[in-house]
Amino acid sequence: MCRLFGMTTGGPRVRATFWLLDAPQSLHAQSRRQPDGTGLGWFSLGDEPVRDRAPIAAYENTDFAAAATHVQSHTFVSHVRFASTGAVNVHNAHPFDMNDRLFAHNGVVQGLDVLDSWLTDVDRALMEGQTDSEMIFAYITAEIRRRGDTTAGLISAVRRIAAELPVFALNILLAESGRLWALRYPEPNELWVLAPDLDGEGHARHLDGGRQPGHLDLSADHRTPAHVVASERMDDDPGWRLMEPGELLVIDGLKATSLFPFDPPAHPLTQADLSAKEASSQA
């Protein structure tokens, strides 16, 4: 099953090396079960999205290791792929980039011919590959443009998909500069969050000694609070929380808000409803 990783500090630029390479369940380690692609996305000093993608596993990809070691950003989205739709090539590797946003997806949505009919030629022009994930992102992007608000557009798009298309799982990471949206929908695939240790007003508490929940060691005396979202717990930190089915987590800076705006899928899929390739990718 594809694995998602997202992180944001809301402002300060950090490296994500621990989570991508060094954690007990780093994305590098998880990629040994996800052979079909890897990608890391971040935001440049000009706050433009940048991606490094390849159609090979992360543990085989020296560029992934180099970027994980050296890139600094306030917001990251990374993904390791087990293909369910679309060829194994760089254009189908996540994360995708549209209108200054990064996007990665884990799950299966069927009825792509119907979904395609919702898109205009302008929407399709943003796509590079052939995955259900990128088509979903194109539709979300179109709804964001129509609504004029990222959260409202994401909710609108997911509501229509859930009402009209067969859905097994629709776990999503969507990022803008300094902001991150994480969706677990409905329940087959897990999504976990590790929040920083903040006081009641959203300020980081002073922490001493060792890596603390949601904090990244930059030096012996400098730690930066961050929210981390991942498909599985990446270390033994007790602060990891399993997101609820249907939960949309909106992280703006260091403020996180949980929303529950979705009904259950109108046409839910089970493992038995999936093709052999789809079922293998979700195992």
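Residues numbered from 1 in each chain as written. Predicted model: local features only at pLDDT ≥ 70, side-chain atom pairs only at ≥ 80, totals over all residues. Heavy atoms only, no water.

## What about the confidence of the model for the protein chain?
Right, on to step 1. On average, the protein chain scores 87 in pLDDT, and the residues at 70 or more come to 85%.
Right, on to step 2. The low-confidence segment residues 217-222 (pLDDT under 50) makes eight contacts with residues lying over four places distant or belonging to another chain. (pLDDT = per-residue confidence, 0-100. Contact = heavy atoms within 4.5 Å.)

## Remarks on the nonpolar core
Right, on to step 1. Ranked by internal contacts, the top residues of the largest apolar core, which has 32 residues, are Ile-161, Leu-170 and Ile-172.
Right, on to step 2. At the level of secondary structure, the elements contributing two or more residues to this core comprise strand S5 (96-98), strand S6 (101-109), helix H6 (132-147), helix H7 (150-164), strand S7 (166-176), strand S8 (179-183) and strand S14 (248-252).
Right, on to step 3. Once residues lying within four places of it in the same chain are set aside, the contact partners of Ile-172 are Leu-4, Phe-103, Ala-104, His-105, Ile-140, Leu-154, Val-158, Trp-181, Ala-182, Leu-183 and Leu-191. (Core = buried A, V, L, I, M, F, W, Y, C linked by side-chain atoms within 4.5 Å. Buried < 20%, exposed > 50% of the residue type's maximum accessible area, 1.4 Å probe, protein only. Helix = DSSP H or I, 4+ residues; strand = E, 2+ residues; numbered from the N terminus.)

## A word on the packing of aromatic side chains
Right, on to step 1. Under the defined criterion, the tally for this structure stands at five aromatic pairs.
Right, on to step 2. Measuring from ring centre to ring centre gives 4.5 Å for Phe-103 and Phe-137, while their planes differ by 5 degrees; the resulting arrangement is stacked. One end of the pair, Phe-103, is in strand S6; the other, Phe-137, is in helix H6, with 34 residues separating them in the sequence.
Right, on to step 3. Take Phe-103: its relative accessible area is 0%, and that puts it in the buried class.
Right, on to step 4. A relative accessible area of 0% places Phe-137 in the buried class. (Phe/Tyr/Trp six-rings, centres within 6.5 Å; stacked < 30°, edge-to-face > 60°.)

## So, the packing of H6 against H7
How two helices sit against one another is set out by the angle between their axes and by the gap between those axes.
Right, on to step 1. Closest axis-to-axis distance for the H6/H7 pair is 7 Å, and the angle between their directions is 130 degrees. The pairing of H6 with H7 is recorded here as oblique in orientation. Relative to H7, H6 is oriented so that their crossing is right-handed. On H7, the residues that touch Ile-136, Tyr-139, Ile-140, Glu-143, Ile-144 and Arg-147 of H6 are Thr-150, Ala-152, Gly-153, Leu-154, Ser-156, Ala-157, Arg-160 and Ile-161.
Right, on to step 2. For the contact of H6 with H7, the residue count by class is eight nonpolar, three polar and three charged. (Axes fitted to C-alpha atoms, helices over the stretch in contact; angles between N-to-C directions. Parallel < 35°, antiparallel > 145°, perpendicular 65-115°, else oblique. Left-handed = near helix turned anticlockwise from the far one by under 90°. Nonpolar A, V, L, I, M, F, W, Y, C, P; charged D, E, K, R; others polar.)

## Regarding the sheet that holds strand S2 (residues 38-43)
Right, on to step 1. Strand order across the open sheet formed by seven strands is S3-S2-S4-S1-S12-S9-S13, with antiparallel pairing between neighbours. Pairing within the sheet leaves two strands with one partner each, and these edge strands are strand S3 (49-54) and strand S13 (241-242).
Right, on to step 2. Relative to strand S4 (residues 75-80), strand S1 (residues 3-8) runs antiparallel, the two sharing six bridges. Residue Arg-3 lies in a different strand from S4, and its bridge partner there is Val-80.
Right, on to step 3. The strands that helix H3 (residues 62-70) touches are S2, S3 and S4; relative to S2, the one it contacts most, it runs at about 30 degrees. (Pairing = 2+ DSSP bridges.)

## Some details on the pairing of S1
Right, on to step 1. The buried fraction of S1 amounts to six of the six residues, a majority that puts the element mostly inside the structure.
Right, on to step 2. Going residue by residue along S1, you find Arg-3, Phe-5 and Met-7 tucked away on one face and Leu-4, Gly-6 and Thr-8 tucked away on the opposite face as well.
Right, on to step 3. Pairing of S1 with strand S12 (residues 227-230), which is carried by four bridges, proceeds in the antiparallel orientation. Paired with Phe-5 across the bridge in S12 is Ala-230.

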